[in-house]
Amino acid sequence: MNDLTNKLKHKYVHLVLGSKGGIGKTYITCYLTEYLKSVNQMLTVVDTDTANTWLKETKYYNTVPFPLFDSDNLISFERMPEIFRTFQDRNIVIDTGANSYSAWYEFLSNGGDEEIQVYGSKLIIHVPVTSGSSFNECIKCLEQLVEKNFNCRYAIWLNNSVSPKSDPLTEDDFCAQHVYDMMQRPVFITQLPRCNPLQRKLVNELHDRHYALSELANAKDDELGSYTLFDRPAGKAEKLRAQYYLNQILSSFDNDICSCCFSIEHLFNLECREDEA
């Protein structure tokens, strides 16, 4: 993977967005954060999902909670620009909830995409697309966003980890959709690997214990005992399993999965070339 330190002249707002719950937005926020850290990008993780407290309770990510609802449980649109003002000196990864999708969509539709540029950042919208029963709704959400011609790039996440019993979602499945023809070229896609049963068991346990995957993967052997997994201290087997799955995830960021769909790393390389030009 490339070290992007000092190569990108702009800061980025990474907005993880989807209209349906349970499609992996928070996991994608975590994996994106892992990747950006691995290429030495200074960033802050912002959590606007009030329905899911896991991210802010997982200390590794040092997440800043930023609830968008006021005391009357209504969306406060003034809070959104405050995020970009507060953290305009760094990259921002924003986790959103399905309950705030309409608010983000309205904010962007009313010039929010341009307002982000005012604070010196470029916008990348990350959209999960899952297999199984959620597939059509994910595609519908993406179509709704793309139709607006927001000033942004899109990163599509084919997330096969959500529906393990469904057939794996491939780039051909996505490219066959009308929304693919609607999108500007090149199209940037990350195909997340499917968990095997042991990996899924470990990921679920890490989630329940509020540990990050890389936290265990990068732990020193003499530190493993401080992590409690499956009601006992973690061992080398869990560490190796975490390392293997983390490497699978990170390698998915720099794999161009077909001739017309390019990786997230390809996206950043393109940004570097545009900055140099």
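In this text the structure is predicted, and so the values were computed from the model without any measurement.

### What to know about the side chain of glutamate 238
Among the secondary structure elements, glutamate 238 is positioned in helix H10 (residues 236-252). Classification of glutamate 238 as buried rests on a relative accessible area of 5%. A distance of 2.8 Å separates a polar side-chain atom of glutamate 238 from the backbone nitrogen of glycine 235. Filtering out sequence-adjacent residues up to four positions away, glutamate 238 remains in contact with Leu202, Leu216, Leu229, Phe230 and Arg232.

### Here's the deal with the packing of aromatic side chains
Overall, the coordinates contain ten aromatic pairs when judged by the stated rule. Ring geometry for tyrosine 27 and tyrosine 31: centres 6.2 Å apart, planes at 20°, overall stacked. With tyrosine 27 and tyrosine 31 both in helix H1 (residues 25-38) and four residues apart, this pair spans about one turn of that helix. Judged by its relative accessible area of 7%, tyrosine 31 falls in the buried class. With centroids separated by 6.3 Å and ring planes inclined at 75°, the aromatic side chains of tyrosine 105 and phenylalanine 150 adopt a geometry described as edge-to-face. Of this pair, tyrosine 105 sits in helix H4 (residues 101-118) while phenylalanine 150 sits in the loop between helix H5 (135-146) and strand E6 (153-159), and the two are 45 residues apart along the sequence. For tyrosine 105, a relative accessible area of 19% puts it in the buried group.

What counts as what
- Residues numbered from 1 in each chain as written.
- Predicted model: local features only at pLDDT ≥ 70, side-chain atom pairs only at ≥ 80, totals over all residues.
- Heavy atoms only, no water.
- Helix = DSSP H or I, 4+ residues; strand = E, 2+ residues; numbered from the N terminus.
- Buried < 20%, exposed > 50% of the residue type's maximum accessible area, 1.4 Å probe, protein only.
- Polar contact = N/O pair within 3.5 Å; in protein donor to acceptor, adjacent residues only side chain to side chain.
- Contact = heavy atoms within 4.5 Å.
- Phe/Tyr/Trp six-rings, centres within 6.5 Å; stacked < 30°, edge-to-face > 60°.

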